[in-house]
Each structure stands twice: as C-alpha cells, then as structure tokens.
Amino acid sequence: MPSDYFPVFVFLLIAVGFPVMIIALSSIVGPRKPSPEKLMPYECGVDPIGSARKRLSVKFYIVAMLFVVFDIEAIFLYPWAVIFKDLGVFGVVEMGLFIVILFVGLIYAWKKGVLEWE
Amino acid sequence: MLEVVITIGIMLVKMVIVLSVVMLMVAYVTLMERRVLGRMQVRHGPNRVGWQGLLQPIADGTKLFFKEELTVDKANKGLYHLAPVIYMGCALAIYAVIPFGNEIEVLGRVIPLHIADINIGILYVFALSSLGVYGLVLAGWSSNNKYSMLGGLRAAAQMISYELPLGLSIIGVLMLTGSLSMVDIVNAQEHVWFVFLQPFGFLLYLICAFAEVGRTPFDLVECDNEIVAGYQTEYSSMKFAIFYLGEYMHIIAVSAIAVTLFWGGWRGPFLPPVVWFIGKVLAFVFFFIWVRATYPRFRYDQLMRFGWKVLLPLTLLNIVVTALVTLII
C-alpha cells in the first residue's frame, strides 16, 4: 500500500536532517581562524605536489561495468526468489539457464584478465 | 481526524525513540570497541572519564562539537559538505524497516515495533547501503587530497564488488520466505531460525558485511598505514565525527539485518523481544571488534580476487543448491 511508505519518507527526512543539524550547530559554535597552512591538503607535512585529481587506473572503470551487469542479474533474482515456490521445476530450469549464461560471462571476463590486480 | 493525529503522533514517537536508541548505541559501541580492543591487546583502554570510562563518548562528542571546522583549499565545496550527510543519512535511514520487537499494547492500542513494514524491505535496505558508497566516493573526490582520492576509489571498487555477493547471499532466505518484507521474514522464523537452514548463506553474508562496512580484514578503504585515513583525511570537527559515527551506524545496521534475516530477529525465550534483539545485535558488534583484534588486513589484489573469484561463484552455487533441495523436499 502506498500509505506504508509515508513513515519511510518521514524517517528519510529525519535521517538526512539530523546530520545537517549537528554539522550546522557545530559550525556556528566552533572557532574560525583559518590560515594558509591549516587549509593546505594533508601530505605528511610537506607542501603538496601537483594536483590530486589525476588520471585513474582503468581497472576501476572495468570493475564498475562488470558490477552493473551482475547487479542486474541480482535484481532479477529477487522477484524470482519471492515466487520461486509457485514456479516449481520450470522456474528452477529457467533461472538455472540464466545463471549459467551469466557465469559464462564471468569466466570470459576472468580469462580476459579483468579480475587481475597485480 | 483524531485518529489520524494519534497515528502520526505514535509514528513520530517511535522515530524519536529509534533515533535516540541508535545514537546511544553508536556512542557506546565506540567505547565498547576501544575497551574490548584494549583488553584483547592486554591494556586497559579508556577508563578515566567517569566510572570505567562510561562518560568517554560524551567527552569525545563534546570536544569534536566545539572544534574548528576546516574546509581544505580548492575543495569542491558543495560535495565536500554533502558527503558526510549522505553517508550518515543512508546508514540511519536503514533503521526504518528493521523490526525490533513484537507488537505491544499501550492503552488498548496495538503498536507494532517497527517504523514501517514495506513489502520491499530488503530492497530498500540494499538500495540505501549502495547509496552510502556515494558518501565515501564524493568525500574522497571533493577533498583535493591524494590520500582521500585513493581512499574514495578503493571504497567504490570494494563496495560494489562485495555488494553482489552480499545481495545474492540472502536470496536463499527469500526463497524460503517468499516475501521481501522484514516483518514476514521474522514471522517465517517462528519455528526454526534461518541460520540453521541457510548456514552457508549466513557465512557468505557475514563475510560480505565485513567488506561492505569496510572493517578489518577488509579495511583498505581507510587503511591507516598506507593512505593516512582514506576518504576522511581532510575532514575535521563534526564532519569527522559524522563519518566516525556513520561507520558504527553501518556496523549496527548490518548486524541488525543479519539478526533479522538469519537469527530469528526479536524471537527468543523468557526475555522481552526488544532485549533479545538488542542483545543479538550487540553480540554481532562484539564479533566485529573481535575480528578486528584478531586478523591482519588483506592486500588489495587479494581483496578483489576473493570477492569476484571466490565469493561470487559460491553465492551462485548456494542459490542453485537451495533451489534444488527445496524442489526435491
């Protein structure tokens, strides 16, 4: 029922409002004496070298892409799991095929060396 | 009209109680962690502020509250301030769907002890815990600090890698229950707790939960001796406190979900349901601290290999075996 979600939304507001409130209160009562040294990014005490926003290893993007593929699989499994008992043998065979196809995909990525981080 | 006002009033009272209890638990879990870790390393831990150090969390909180707030040079201001709010907000909002007790009767009115019983409870929990990753990544990226950046990236890759097995490890429970609602799942465990029917699923969930909240042995996100403090290096004052508290809030949240899904939720003999629930959650939190005192940290390539090559196939196997066994019986 849609009305079930009303408390969830109210609690979401509280959950976001609470940290906002304590951060705001703390920044009002806390002292403020900034100096260039204080505001410098921390790099073990020496002056920072270059920019922090450098290029990243492509590995991270590939992991993100793999994640999207397999997360869709996971989401697809949820509704299946809920009505699993009604589907019986047919449901198990269908989902078995689906999992096998995705597992082949995982093995392909594995053999291509996507999962190697050395 | 009066009925609506009373309903909303009860709802708000429940929310305030949940918020206060969660904050109190978080505050004292920080103390518990320091004391237990101390004992496990044959030292005392903080025991000076108040009896047995019981006022230590209050002293820490007050100190951080009155500290100067620094915004690092060339930080991406908006995101820098937003990140801690996202992190803690997501951790806190999870408690909306967790049933922490049975129904109670107050003045002839039956009050169920959960804030909301939505029919997609589990999906809501996992959606929020995925959103929490944004807090870490944005904190790392907006800080204009190399260590923060590395911490944020590691957090993103680690959490999304372990979210897959985390989500898949509980499919077995859903197959046994036939519902996504947390209340239905607790009700389905009236006779036998799911940990006995899904021991393997529980083990996989537990391992992924450690990685998901970034605790030892998977604490590469903020691994102190490589990247200072990871994503929270540049945070000070209350924003640092929010990351600190948010981490414990996440630990308590994944413990509460483990208790709800596998350990019968609030069910238990003799004692009131709420006591059982909090007791079980604290037992899990103790386990988290115990593991931290016992195990060393993974290396990053080991972490990724373990997640993708071991845990993911094992969770799929768990689903297939559960499906076949359920079908035969």
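Anything mentioned here points back to the structure above.
Residues numbered from 1 in each chain as written. Chains lettered and ligands numbered in written order. Predicted model: local features only at pLDDT ≥ 70, side-chain atom pairs only at ≥ 80, totals over all residues. Heavy atoms only, no water.

## What to know about the pattern of salt bridges
Residues and elements named next belong to chain B. One pass over the full model with this rule turns up 7 salt bridges over all chains. Residues R299 and D301 are paired through a salt bridge, measuring 2.9 Å at the closest nitrogen-oxygen approach. For D301, a relative accessible area of 9% translates into the label buried. Several salt bridges share partner residues, and in doing so they unite E33, R215, E247 and R292 into one network. (Salt bridge = Lys/Arg side-chain N within 4 Å of Asp/Glu carboxyl O. Buried < 20%, exposed > 50% of the residue type's maximum accessible area, 1.4 Å probe, protein only.)

## Re the state of the cysteines
Residues and elements named next belong to chain B. What the rule picks out here adds up to 0 disulfides over all chains. With no disulfide of its own, C90 has C208 as its nearest cysteine by sulfur position, at a separation of 19 Å. With relative accessibility at 7%, the residue C90 sits in the buried group. (Disulfide = S-S within 2.5 Å.)

## Thoughts on the nonpolar core
The biggest cluster of nonpolar side chains holds 123 residues, and the ones touching the most others in it are W80(A), Y95(B), I122(B) and W308(B). Per-element accounting of this core gives the leading share, 16 residues, to helix α11 (residues 237-262) of chain B. Counting residues in hydrophobic clusters, the runner-up holds 15 residues, among them V72(B), V133(B), V221(B) and Y235(B). (Core = buried A, V, L, I, M, F, W, Y, C linked by side-chain atoms within 4.5 Å. Helix = DSSP H or I, 4+ residues; strand = E, 2+ residues; numbered from the N terminus.)

## A closer look at the side chain of S148(B)
Residue and element names in this part refer to chain B. For S148, the position within the fold is in helix α5 (residues 146-169). Overall, S148 belongs to the buried group, its relative accessible area being 0%. Excluding anything up to four places from it in sequence, S148 contacts G140, S143, G230, Y231, T233 and E234. (Contact = heavy atoms within 4.5 Å.)

So far we have only geometry, and geometry alone does not tell us how the molecule works.
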